[in-house]
Amino acid sequence: GYIELNNSTVGEQVVAFYQNDMKTSFSGETFYADTVNYERSNLSWIKLSTLNITLADEETRIVEFEITVPDDADLYGSYWSVIMVEPRDPIHIQEDDRGFSIQSKIRYAIQIVCNIGETGSTNLQFIDIKQSNREGNRFLEVGVQNTGDVIVKPVLSLELFDALGNTVPIKRAENKRVRRTSRN
């Protein structure tokens, strides 16, 4: 595979590449680790062609990576990790009148998912179902947990009825991937 980068600024940009393992929780939190820490990791399968590049003004460059899936009959389902792309220098520095400065930096996580054929299973569970009120609007919040072996992208919708049994318009949830998650 490859990652295409473009320096759209004036001035050269040094960009670092590194890999992280990634885990998500049912509440939406994402955790990164620089070593293989999670059972569905493909971190060790991926090799980057370089760890640093320098992009000139308006330059576009390709950084390649190679995935080598182990020859292991016990592999099944989905495996994932991320390639992090991070500029060396801050994109914005803000100073206040007291001498404090804040440096803004953006890093990007590019998720690499390997599905082992049609193997593995999904097991979605609805947890943490609750109602809330924000800014005068009522919300139904539902946590979705995947304890299966395959990343899924389910379509979730809520069908509501009024007191007379008439259907209220359907509100569809944003379509997101649901990885294997844990409760902690």
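Here's a quick rundown of the structure. (Residues numbered from 1 in each chain as written. Predicted model: local features only at pLDDT ≥ 70, side-chain atom pairs only at ≥ 80, totals over all residues. Heavy atoms only, no water.)

1. Side note on the packing of aromatic side chains
Counted by the stated rule, this structure contains one aromatic pair. Geometrically, the ring pair formed by W45 and Y79 is tilted, given 5.1 Å between the ring centres and 45° between the ring planes. You can see W45 sitting in the loop between β3 (30-33) and β4 (46-48) and its partner Y79 sitting in strand β7 (residues 77-87), a full 34 residues away along the chain. Take W45 and Y79: they sit in the same class, and that class is buried. Sitting over the face of the ring of Y76, R40 holds its NZ or CZ atom 5.0 Å from the ring centroid. (Phe/Tyr/Trp six-rings, centres within 6.5 Å; stacked < 30°, edge-to-face > 60°. Helix = DSSP H or I, 4+ residues; strand = E, 2+ residues; numbered from the N terminus. Buried < 20%, exposed > 50% of the residue type's maximum accessible area, 1.4 Å probe, protein only. Lys NZ or Arg CZ within 6 Å of the ring centre and 35° of its normal.)

2. Some thoughts on unusual backbone geometry
The phi dihedral of E58 falls on the positive side, at around 55°, and the residue is not glycine. The topology assignment puts E58 in the loop between β5 (52-55) and β6 (60-67). A residue is classified by how much of its surface remains accessible, and E58, at 52% relative accessible area, is exposed. Phi angles above zero are rare outside glycine, and E135 is one such case at about 50°. Of note, E135 is situated in the loop between β11 (124-134) and β12 (137-146). A residue is classified by how much of its surface remains accessible, and E135, at 83% relative accessible area, is exposed.

3. Quick notes on a nonpolar patch on the surface
A cluster of nonpolar side chains, F126, I129, L140, V142, L158 and L160, forms an exposed patch at the surface whose accessible area comes to about 530 Å². Here V142 shows up in strand β12. A relative accessible area of 38% means that V142 is categorised as partly exposed. (Patch = residues over 30% accessible without salt bridge, like charges linked within 9 Å, V, L, I, M, F, W, Y side chains within 5 Å. Areas by Shrake-Rupley, 256 points an atom, 1.4 Å probe, with all protein chains shown as cover. Salt bridge = Lys/Arg side-chain N within 4 Å of Asp/Glu carboxyl O.)

4. Digging into the pattern of salt bridges
Summed over the entire model, instances satisfying the criterion amount to four salt bridges. In this structure, K105 and E86 form a salt bridge, with 3.6 Å as the shortest nitrogen-oxygen distance. One end of the pair, K105, is in the loop between β9 (101-104) and β10 (108-116); the other, E86, is in strand β7, and 19 residues separate them in sequence. With a relative accessible area of 43%, K105 lands in the partly exposed category. For D96, the salt bridge identified is with R98, shortest N-O distance 2.9 Å. Since its relative accessible area comes to 28%, D96 is described here as partly exposed. When its relative accessible area of 64% is taken as the criterion, R98 is described as exposed.

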